[in-house]
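Geometric and topological summary
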Number of protein chains: 2
Amino acid sequence: MGEGAIELAVSTVIFALQPEAGTGRPSIRVPLVRRTRAPFEGGWALPGGWADAREGLAASARRTLAETTGLEPAYLEQLYTLGAVDRSPTGRVVSVVYWALVRAEEAEAVPEGENVAWFPAEELPQLAFDHARIVEYALWRLRTKMEYSRIAHALLGETFTISELRRVHEAVRGVVLDPANFRRHVESSPALVPTGERLTGGAHRPPRLYRYDTEVRLADNGPLDDTEESR
Amino acid sequence: MGEGAIELAVSTVIFALQPEAGTGRPSIRVPLVRRTRAPFEGGWALPGGWADAREGLAASARRTLAETTGLEPAYLEQLYTLGAVDRSPTGRVVSVVYWALVRAEEAEAVPEGENVAWFPAEELPQLAFDHARIVEYALWRLRTKMEYSRIAHALLGETFTISELRRVHEAVRGVVLDPANFRRHVESSPALVPTGERLTGGAHRPPRLYRYDTEVRLADNGPLDDTEESR
């Protein structure tokens, strides 16, 4: 048995792409929950809560996320476990942090109110505990993974145009990409499959629709998969 | 406060390259510790122990590693936190797992005995708890990182020949690499610096010695670095 009491908590960083109010350009947003008790009462924090001894860690993350925001992401991945001695003012708390991506439609279904709201990932309010550092790390992981996996898929619909895919990459990576170069680059990916259909609409020559080959894993996380861990 | 008691433990997977007895080829080895109490009394397990509320998580990993094996690796990285409900037969235990690489000289300094021994990573004895899965995952992470970072450095001396570097890659990745292709590939890396010196010895034309540019980070782990977390 360890020396002294350590409490175990779980938190989840959720990313969604939602159109900016003015420009309509997609931007990365994060849902935050207002704390209803000390410490940091009234402040914003990541959705989460205490781990339950009867559940796996990912199951605790899913439960506390659903309880606080109603969100039930398809794909949840362990991000990091934070345990600095002084990270909570009221005792020793170790937090296992998960992260997930949700599509815009799922994000829109979250009832915003006084206690839950979406914020642009780059303009968060002051956060409780070390949650600002956690979001910063999750953003770094998202950007890194975006470059070598088909993780952008989790932010898009079943089918999408190359322009839509490029706008996801631009929003996440904070860059402007050359449309022709981007098209050449992604068209050579074995994970991208042309559906043979085109976007419906008024355009003279509507753009082609693509889908991802779901036989290619969303991201290669190796032998430990969260779905197993959540038993 | 969470429901029910959850105990927090730390474990560390250490990898070293040591020459095989017969062939002299380097092979990846892992130190294991014999358990002196139930559950799994007398069985082999990863070095580790209970987290201490007065220490950061990485500090607990370092302490328990030093207590059980005497090892003090320069570089320690968080690997994963395991928390399946049934992973320990005597209660709910969540384990934060770290991993590290040590050089052959450091590995040789560990006094082997009845309760500590090095085993080839591919031929481990039966391990307690889910430690076999943890080692499997750590090996996967090592192989993945080896491909895109200068992490091989942590297994080599300060200076090394291209052949020595190739043998590290061959041992870790379990492949045989073409010497000329490998040389071309690594010589184009900005992290590899020729020292201008050659290996001393009887050879007519002794091979050149290289070092890594330590301004290039060992591995890019993003904004959360274990050195900060271990405060």
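Residues numbered from 1 in each chain as written. Chains lettered and ligands numbered in written order. Predicted model: local features only at pLDDT ≥ 70, side-chain atom pairs only at ≥ 80, totals over all residues. Heavy atoms only, no water.

We now examine helix 1 (residues 57-69) of chain A. Along an α-helix, a turn takes 3.6 residues, which lines up residues three or four apart on a common side. Residues and elements named next belong to chain A. Its 13 residues place the ends of helix 1 18 Å apart at the C-alpha level, agreeing with the 18 Å of an ideal helix rising 1.5 Å per residue. Within the span of helix 1, buried status applies to Leu-57, Ala-58, Ser-60, Ala-61, Thr-64, Leu-65 and Thr-69. Seen end-on, helix 1 carries its buried residues on one side only, within an arc spanning 155 degrees. Positive backbone phi, approximately 80 degrees, marks Gly-70, located one or two places after helix 1. (Helix = DSSP H or I, 4+ residues; strand = E, 2+ residues; numbered from the N terminus. Expected span 1.5 Å × (residues − 1). Buried < 20%, exposed > 50% of the residue type's maximum accessible area, 1.4 Å probe, protein only. Arc of directions from axis to C-beta.)

Next up on the list: the packing of aromatic side chains. Residues and elements named next belong to chain A. Summed over the entire model, instances satisfying the criterion amount to 12 aromatic pairs over all chains. Judged by centre distance (5.0 Å) and plane angle (70 degrees), the rings of Trp-44 and Phe-119 are edge-to-face. Residue Trp-44 is found in strand 3 (residues 44-45), and its partner Phe-119 is found in strand 7 (residues 116-120); the two are separated by 75 residues along the sequence. The exposure class assigned to Trp-44 is buried, which follows from its relative accessible area of 12%. We classify Phe-119 as buried; its relative accessible area is 17%. With a centroid separation of 5.5 Å and an interplanar angle of 75 degrees, the aromatic rings of Tyr-80 and Tyr-137 are classed as edge-to-face. Here the residue Tyr-80 occupies a position in strand 5 (residues 76-82), and Tyr-137 occupies one in helix 3 (residues 131-148), the gap between them amounting to 57 residues. Judged by relative accessible area, Tyr-80 falls into the buried class, the value being 7%. The exposure class of Tyr-137 is buried, given its relative accessible area of 6%. Site record: aromatic cluster; members linked through ring pairs are Tyr-80, Tyr-137 and Trp-140. (Phe/Tyr/Trp six-rings, centres within 6.5 Å; stacked < 30°, edge-to-face > 60°.)

Residue and element names in this part refer to chain A. Each assigned domain of chain A is listed here: domain 1 (6-130) and domain 2 (151-230). Look at where the C-alpha atoms of domain 1 and domain 2 centre, and you get two points 26 Å apart. Between domain 1 and domain 2, the residue contacts involve 20 residues of the former and 18 residues of the latter. A combined buried area of about 1,500 Å² lies between domain 1 and domain 2, and 61% of that area is made up of carbon and sulfur atoms. Inspection of the region where domain 1 meets domain 2 yields 0 salt bridges. Linking domain 1 with domain 2 are 1 residue pair in polar contact (both at pLDDT 80 or more). Of all the secondary-structure elements, those providing two or more residues to the side of domain 1 that touches domain 2 are strand 1 (7-19), strand 2 (26-34), helix 1, strand 5 and strand 6 (93-102). (Domains from an automatic or database assignment. Contact = heavy atoms within 4.5 Å. Buried area = accessible area lost by both parts, 1.4 Å probe. Salt bridge = Lys/Arg side-chain N within 4 Å of Asp/Glu carboxyl O. Polar contact = N/O pair within 3.5 Å; in protein donor to acceptor, adjacent residues only side chain to side chain.)

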